[in-house]
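Residue strings, one per chain:
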Protein chains: 2
Amino acid sequence: MKICFLAIGNELLKGRIVNTNLTKAGEILRTNGYDLTRGLTIQDDKESILAALEKELAENDVIIMSGGLGPTTDDITKKTIAAYFGVGMKEDTTTVELLTQFFAQRNIPLSDRNRAQAMVPENCEVMLNLRGTAPGMYFSVGEKKLFSLPGVPFEMLYLLENKILPILKQSFPLKHYQNHIFRLWGIPESSLADRIAEIEDRFPPELDLSYLPRIDGIWLECTIRGNAEDKAALSEKLAYWTGEIRAILADKCYTEGRQSLEQEVLTIFTERKLTLAIAESMTGGQIAGKLVTVSGASSYLKGGVTAYFTEIKEKVLNVPAEIIEKEGVVSAEVAMKMAEGVRTLLGADIGISTTGYADKSGEDILPHVWTGYADAHRSNSRRFDFFNTREINIERGVSAALVFLLNQLAVK
Amino acid sequence: MKICFLAIGNELLKGRIVNTNLTKAGEILRTNGYDLTRGLTIQDDKESILAALEKELAENDVIIMSGGLGPTTDDITKKTIAAYFGVGMKEDTTTVELLTQFFAQRNIPLSDRNRAQAMVPENCEVMLNLRGTAPGMYFSVGEKKLFSLPGVPFEMLYLLENKILPILKQSFPLKHYQNHIFRLWGIPESSLADRIAEIEDRFPPELDLSYLPRIDGIWLECTIRGNAEDKAALSEKLAYWTGEIRAILADKCYTEGRQSLEQEVLTIFTERKLTLAIAESMTGGQIAGKLVTVSGASSYLKGGVTAYFTEIKEKVLNVPAEIIEKEGVVSAEVAMKMAEGVRTLLGADIGISTTGYADKSGEDILPHVWTGYADAHRSNSRRFDFFNTREINIERGVSAALVFLLNQLAVK
């Protein structure tokens, strides 16, 4: 079964926006047992769209288009699809009702330009979009299926999950798909490959390993696939092989599974009824900024202090000037004192911190961070080195601090 | 001239990583006067790569491939290209030297697996990669050009800018390309389209408008293109039309040009020799976290306080409990008091703040933020409403606070 994701939009090719829709679609299809086999991005002119429809419908079973359905003049997907099928346009009344509500909620009158979004090719089945103004469209082409979705990511996602997946599940046989993720830090990709080569050589054919270098370390994903009726045997097989992998990676694996670091921190802190305070220098506020993206953060995250100037480390966080003088502001000791200081200032159970260089500093200091930890009984710190751009080094610093925090929380 | 960007990697189609390389390549080509006309993402198996090389080389002038050059077993691009051309492999000695240096710097011995990265198809010209371990490759195919780059974004970028662009500039005639960006906040895309429709109707053919909804509002980009020898006349024409647009959008335009908000804030604060302190609740630290991504932030950003618990707003930022009691913690008054409080605590010239709801709260409170401003003479605040997911609402809150700051700095 071949599925092509066809993104339409000059703005994607001109580098003005990132095609996260391809990524999201790929992830949702994969975790539902389908494979996205091809991704295509084309210009939003009639010729490009017609040529792509012609060729991709010939070579794929399913085409999921996104983009080119909005209210402004550069959006021509709908008319071109109608021309491709040789049909006219119709107004979808349910979409008109939705549009009327949508704009009323925002106190904006429904303009002709917006009402025109309810116009769709005559041969399409409308997939109601409860997240925005452009309706999704479904075309049945013999055995093949063509879907057209708006380009706005959360609208595209809503329609893919709630409308397209049920249609696919009815029409195509389901496969069993299961995977397990090891999250590793502090091992280069090539050393990892060497370490697991012997196990991988013995893998049965239905098992598959992939490496994914990410900001928060390497994700090693072990996947098993097969027929839905063999589910129990496949699960057991996956468990056996992940056991073998776990045994030889224990020293480099900081967690397993796909939940985000911020979700994991939330889970541990709420389970243990602990509160957290964060002192940031090198990461500038991004650790706290990441933790609050998860709903529920307000139950454990008291807050934080971004101590970017050295004087703020001294005055607000009470880091002794002598220690800064003696050890330098980027040091194990200052990281610990910052963690202790913010813990005391905000009255939290645990304090963590970062102090470091996001860029190369002078001739010989390479980017690195010291991240600190303090609770009522002890303090600790660790150094992490970085080899990337300023922006990425800061993001890596955020992950390093959270990986270190998880590690410290595991200490008995 | 047709340019296709061909990304190789199951991980892109499986939704494990975002194809930012397409975006970056599109942007760099565009701002150098070239158009990326097509983007393709395929699986990393021999058949898919061979089929894509065959078809895309037939229909495009330039193909830029990325991905599939790393040291792990799932990388087969190089061998498939060699097979496509019917040539063998050779070891590139300069790359071996680079690899030796690269691993020595990181105190890792050069393994066979890594040394194998210096192997390239016999008919390629190596483009030395000074940012990583996989060399770039250039194949001249008649009048056409095929480039193969590693998938790691900053390595891809380095080779595109430093190696590919010079080759393109030698072989293809340069076009004049110039654009101007209006950055707008608080106007829906459809109203914007209505407002400028009359001007757009009178546009000369070489001029082109595009809308880009972004986290920091709508970017309206006005582009002119033509022959390099007409540069002066084209510039003048662009200036005329942007003048017309400016006149009717003045009330919604918070800045012009493509520099980031964090860069703009840095420029203003360093020019005026001011310092900044930030108090964040709804944005959790992301404002400070964004400002530090620009080198030089340490010259003006003293730091900040993330006051996520209400008690921290009172105890650390000195927001009077009576005001919180009377107005609610998400209010104009609390936003101003937070800005004043952090300004005083950190001894900065200007304080800014956020307090808000990232999610819907209960039945009737929709996501919104109050952002505050305080300097030695006055305080102010403004409300912004959001209609998106928690994560995006927080990001929008960061932009809202910075847009409001720029607006306040412009007040005489």
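A quick note: this is a predicted structure, and the numbers were derived from the prediction, not measured.

Bringing the overall build of chain A into the picture now. Counting secondary structure elements, chain A contains 15 helices and 17 strands. For the C-alpha atoms alone, the extent of chain A along its principal axes is close to 80 × 60 × 45 Å. By residue count, 54% of the 412 residues in chain A fall in the buried class. Taking as baseline every contact in chain A between residues at least 6 positions apart, the subset at least 24 positions apart corresponds to 66%. As displayed, chain A offers around 16800 Å² of accessible surface, 49% of which is attributable to carbon and sulfur atoms. Counting 46 positive and 55 negative side-chain charges, chain A places the averaged centre of each group 3 Å from the other.

In this structure the tally under the stated criterion is 47 salt bridges over all chains. We note a salt bridge from Lys237(A) to Glu206(A), for which the minimum N-O separation is 2.4 Å. Here Glu206(A) lies in the loop between helix H8 (189–201) and strand S10 (207–214) and Lys237(A) lies in helix H9 (residues 231–249), a separation of 31 residues in the sequence. Take Glu206(A): its relative accessible area is 22%, and that puts it in the partly exposed class. Note that Arg16(B) is salt-bridged to Glu221(A), the shortest N-O span being 2.6 Å. With one member in each of two chains, Arg16(B) in the loop between helix H1 (10–13) and helix H2 (20–30) and Glu221(A) in strand S11 (residues 217–227) form a pair that bridges those chains. Each member of the pair, Arg16(B) as well as Glu221(A), carries the same accessibility label: buried. The network of salt bridges with shared partners includes Glu27(A), Arg30(A), Glu221(A), Arg258(A) and Arg16(B).

All names here are of chain A. Within the secondary structure layout, Lys46 lies in helix H3 (residues 46–59). When the C-alpha positions of Lys46 and Glu244 are compared, they lie 54 Å apart, and in sequence the two are 198 residues distant. Apart from the residues within four sequence positions on either side, Lys46 is in contact with Ile76, Thr80 and Ala83.

Further remarks concern helix H14 (residues 332–346) of chain B. Between its first and last C-alpha atoms H14(B) spans 22 Å; for 15 residues at 1.5 Å apiece the expected length is 21 Å, and the two agree. Those residues of H14(B) that sit buried are Ala332(B), Val334(B), Ala335(B), Met338(B), Ala339(B), Gly341(B), Val342(B) and Leu346(B).

This brings us to the sheet that holds strand S16 (residues 368–374) of chain A. Ordered in space as S17(A)-S16(A)-S15(A)-S13(A)-S14(A)-S14(B)-S13(B)-S15(B)-S16(B)-S17(B), the 10 strands form an open sheet in which the pairing is mixed. Lying at the two open borders of the sheet, with one neighbouring strand each, are strand S17 (379–385) of chain A together with strand S17 (379–385) of chain B. Strand-to-strand, the axes of this sheet are offset by a mean angle of 15°, without reference to chain direction. As paired elements, S16(A) and S17(A) share 7 bridges and run antiparallel to each other.

All names here are of chain B. Going through the model one piece at a time under the given rule, you end up with 0 disulfides over all chains. With no disulfide of its own, Cys124 has Cys4 as its nearest cysteine by sulfur position, at a separation of 20 Å. For Cys124, a relative accessible area of 5% translates into the label buried.

With 73 residues, the main nonpolar core has Leu276(A), Leu405(A), Leu276(B) and Leu405(B) as its most contacted residues. In this structure, Leu276(B) is in contact with Phe269(B), Leu291(B), Tyr300(B), Leu301(B), Lys302(B), Gly303(B), Ala348(B), Ile350(B), Ile352(B) and Leu405(B), ignoring residues within four places of it in sequence. Counting 38 residues, the second-largest nonpolar core is a separate cluster that includes Ile8(A), Leu69(A), Leu146(A) and Val120(B).

The subject of this paragraph is the confidence of the model for chain A. Detailed reading of the predicted coordinates is not advisable wherever pLDDT falls low. The share of residues in chain A with pLDDT of 70 or more is 99%, and the mean pLDDT across the chain is 92. The complex prediction reports pTM at 0.82, with the ipTM value standing at 0.81.

Another point: the sheet that holds strand S9 (residues 175–184) of chain A. All names here are of chain A. Read from one edge of the open sheet, 4 strands run S10-S11-S9-S12, paired in antiparallel fashion. Either end of the sheet is taken by a strand with one partner, and the two such strands are S10 and strand S12 (253–256). Looking at each pair of strands side by side, their axes are set apart by 25° on average, direction ignored. Taken together, the 8 bridges between S10 and S11 define a ladder with antiparallel strand orientation. Opposite Asp208, over in S11, you have Thr223 as the bridge partner. Lying over the sheet, H9 contacts S9, S10, S11 and S12, oriented at roughly 15° with respect to S9.

This part takes up the relation of the copies chain B and chain A. Superposition of chain B onto chain A requires a rotation of 180° combined with a translation of 0.0 Å along the rotation axis, giving an RMSD of 0.1 Å. The operation mapping one copy onto its partner corresponds to a two-fold rotation axis. Of the residues that chain B buries at the interface, 99% are likewise interface residues in chain A, meaning the two copies contact each other through the same surface.

It is worth spelling out the packing of helix H3 (residues 46–59) of chain B against helix H4 (residues 77–85) of chain B at this point. Residues and elements named next belong to chain B. Put simply, H3 and H4 touch, their axes get as near as 10 Å, and they point 55° apart. By the criterion of interaxial angle, the relationship of H3 to H4 is oblique. In the packing of H3 onto H4, the handedness of the crossing is right-handed. Within the contact between the two elements, H3 uses Lys46, Ile49, Leu50, Leu53, Glu54 and Leu57 and H4 uses Thr77, Thr80, Ile81, Ala83 and Tyr84.

Right, let's talk about the pairing of strand S1 (residues 3–8) of chain B for a bit. Residues and elements named next belong to chain B. Burial analysis of S1 places 6 of its 6 residues in the buried class, which makes it a mostly covered element. Neither face of S1 is open: one carries Ile3, Phe5 and Ala7, the other Cys4, Leu6 and Ile8, and all of them are buried. Across 5 bridges, S1 lies against strand S3 (residues 62–66) in parallel orientation. In the sheet register, Ile3 faces S3, and the bridge partner there is Val62. With 5 bridges joining them, S1 and strand S2 (residues 38–42) adopt parallel strand pairing. Following the sheet pairing, Leu6 is matched in S2 by Leu40.

A separate point is the pairing of S9(A). Direction of pairing for S9(A) relative to S11(A): antiparallel, over a ladder of 10 bridges. Residue pairing in the sheet places Arg183(A) in a bridge with Trp219(A) of S11(A).

Further remarks concern the packing of aromatic side chains. Residue and element names in this part refer to chain B. Overall, the coordinates contain 16 aromatic pairs over all chains when judged by the stated rule. Considering the side-chain rings of Trp185 and Phe384, the 5.7 Å spacing of their centres and the 90° angle between planes classify their relative orientation as edge-to-face. Pair noted here: Trp185 is in the loop between strand S9 (175–184) and helix H8 (189–201) and Phe384 is in strand S17, with a separation of 199 residues, a long-range link. Like Phe384, Trp185 is buried.

Time to look at the interface of chain B and chain A. When the parts come together, some accessible area is lost, and that loss is often what is quoted as the size of the interface. On the chain A side, the residues contacting the 84 residues of chain B number 84 residues. Among the residues chain B hides against chain A, the three largest losses belong to Arg16(B), Lys302(B) and Phe309(B). Together they make up 9% of the total. Of the charged contacts, one joins Glu311(A) and Lys302(B) as a salt bridge, the two residues approaching to 2.7 Å between their closest N and O atoms. For the side of chain B that touches chain A, the element with the highest residue contribution is strand S14 (residues 301–307) of chain B, accounting for 7 residues. In terms of residue class, the side of chain B that touches chain A is built from 34 nonpolar, 30 polar and 20 charged.

What follows is about the environment of Arg246(B). Residue position: Arg246(B) is located in helix H9 (residues 231–249). Residue classification places Arg246(B) among the partly exposed residues on the basis of a relative accessible area of 35%.

Basis of the calculations
- Residues numbered from 1 in each chain as written.
- Chains lettered and ligands numbered in written order.
- Predicted model: local features only at pLDDT ≥ 70, side-chain atom pairs only at ≥ 80, totals over all residues.
- Heavy atoms only, no water.
- Helix = DSSP H or I, 4+ residues; strand = E, 2+ residues; numbered from the N terminus.
- Buried < 20%, exposed > 50% of the residue type's maximum accessible area, 1.4 Å probe, protein only.
- Contact = heavy atoms within 4.5 Å.
- Areas by Shrake-Rupley, 256 points an atom, 1.4 Å probe, with all protein chains shown as cover.
- Lys, Arg positive; Asp, Glu negative; His and termini not counted.
- Charge placed at Lys NZ, Arg CZ, Asp CG, Glu CD.
- Salt bridge = Lys/Arg side-chain N within 4 Å of Asp/Glu carboxyl O.
- Expected span 1.5 Å × (residues − 1).
- Pairing = 2+ DSSP bridges.
- Axes fitted to C-alpha atoms, helices over the stretch in contact; angles between N-to-C directions.
- Disulfide = S-S within 2.5 Å.
- Core = buried A, V, L, I, M, F, W, Y, C linked by side-chain atoms within 4.5 Å.
- pLDDT = per-residue confidence, 0-100.
- Least-squares fit on C-alpha atoms with pLDDT ≥ 70 in both.
- Parallel < 35°, antiparallel > 145°, perpendicular 65-115°, else oblique.
- Left-handed = near helix turned anticlockwise from the far one by under 90°.
- Phe/Tyr/Trp six-rings, centres within 6.5 Å; stacked < 30°, edge-to-face > 60°.
- Buried area = accessible area lost by both parts, 1.4 Å probe.
- Nonpolar A, V, L, I, M, F, W, Y, C, P; charged D, E, K, R; others polar.

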